[in-house]
Amino acid sequence: MQPPYESHGTEAAGEAARILVVDDDPTVAEVVTGYLHRAGYAVDRADDGPTALTRAAAHRPDLVVLDLMLPGMDGLEVCRRMRDRGPVPVIMLTARGDEDDRILGLEVGADDYVTKPFSPRELVLRVESVLRRSRPVTTGRRLAAAGLSVDPDARRAAKNGTELALTLREFDLLAFFLRHPGRVYSREDLMREVWGWDFGDLSTVTVHVRRLRGKVEDDPARPRLIQTVWGVGYRFEPGLDTGEAVH
């Protein structure tokens, strides 16, 4: 085993970010918890879904590391119920190699997944990446186009005045498109610019684009705003009714 990855998992105010680790394998849970502690995080543990939901309700975590295969209530259902209570970043652990299982995790709102066996160092890096993207960045700019509006500081988005329920990555993806209308971006570009990764499964981008279309398009089956440029990637086309970014 490699030595623990040293880092600083603390918020700007100095309080350690709280991570909830949910895994029924005590060895995996112990190793993951140890590495996260070494990286500076406060860690809670649960070995089943109901316990995870109870602990998340009692002490809201900043991020959840969630095993897909749990006894009784699987990780997908746990993720759904957590998402119903409010936005929380989720990294899903799965021992399955089937792409359909990974996509299911993304479909219910997971922000990332790691396939077992995995490097604990890589998991810590993924945790840091997701937390970094979830922290509000003061920009002073609100974005508006085609009936869509995004307030990056408040992490709120709306369509025609109705607030949108977006996951962390969906929000970041929409904000990125609004900042760069008319330009084509490949999935590799989007993974680097929105996820902050130089590597990873590109199906993650595909799934999030599909989910975002389902929330911002009038007809997701015939998307007008987030268009596919075949063989290249995606382009945001707000049309003539767009508004410019305002301060």
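None of these values were measured; they are calculated from a predicted model.

1. Remarks on the sheet that holds strand β6 (residues 143-145)
One open sheet accounts for four strands, arranged β6-β7-β8-β9; its pairing is antiparallel. Lying at the two open borders of the sheet, with one neighbouring strand each, are β6 and β9 (162-163). Relative to strand β8 (residues 156-159), strand β7 (residues 148-151) is paired through four bridges, and the arrangement is antiparallel. Bridge assignment links aspartate 151 to a residue of β8, and that residue is arginine 156. In the packing of helix α6 (residues 168-179) onto the sheet, the strands contacted are β6, β7 and β8, and the crossing angle to β7 comes to about 110°.

2. Overview of the pairing of strand β2 (residues 42-46)
Note that strand β1 (residues 18-22) and β2 share five bridges and pair parallel. When the bridges of β2 are listed, arginine 18 appears paired with alanine 42. The parallel pair β1 and β2, bridged by helix α1 (residues 26-38), forms a crossover whose chirality is right-handed.

3. Details of the nonpolar core
By size, the foremost hydrophobic cluster in this structure holds 30 residues, and its most contacted members are Leu174 and Leu190. Among the elements of the structure, β6, β7, α6, α7 (187-195), α8 (203-216) and β12 (233-236) are those that each provide at least two residues to this core. For this core, the leading source of residues is α6, giving seven residues. When near neighbours in sequence (up to four residues on either side) are disregarded, leucine 174 contacts Leu148, Val150, Ala157, Leu164, Leu166, Leu212 and Val216. The next biggest cluster of nonpolar side chains, apart from the first, holds 24 residues, and it includes Met73, Leu76, Met92 and Val108.

Rules of the game
Residues numbered from 1 in each chain as written. Predicted model: local features only at pLDDT ≥ 70, side-chain atom pairs only at ≥ 80, totals over all residues. Heavy atoms only, no water. Pairing = 2+ DSSP bridges. Helix = DSSP H or I, 4+ residues; strand = E, 2+ residues; numbered from the N terminus. Contact = heavy atoms within 4.5 Å. Axes fitted to C-alpha atoms, helices over the stretch in contact; angles between N-to-C directions. Right-handed = clockwise from strand over helix to strand, strands pointing away. Core = buried A, V, L, I, M, F, W, Y, C linked by side-chain atoms within 4.5 Å. Buried < 20%, exposed > 50% of the residue type's maximum accessible area, 1.4 Å probe, protein only.

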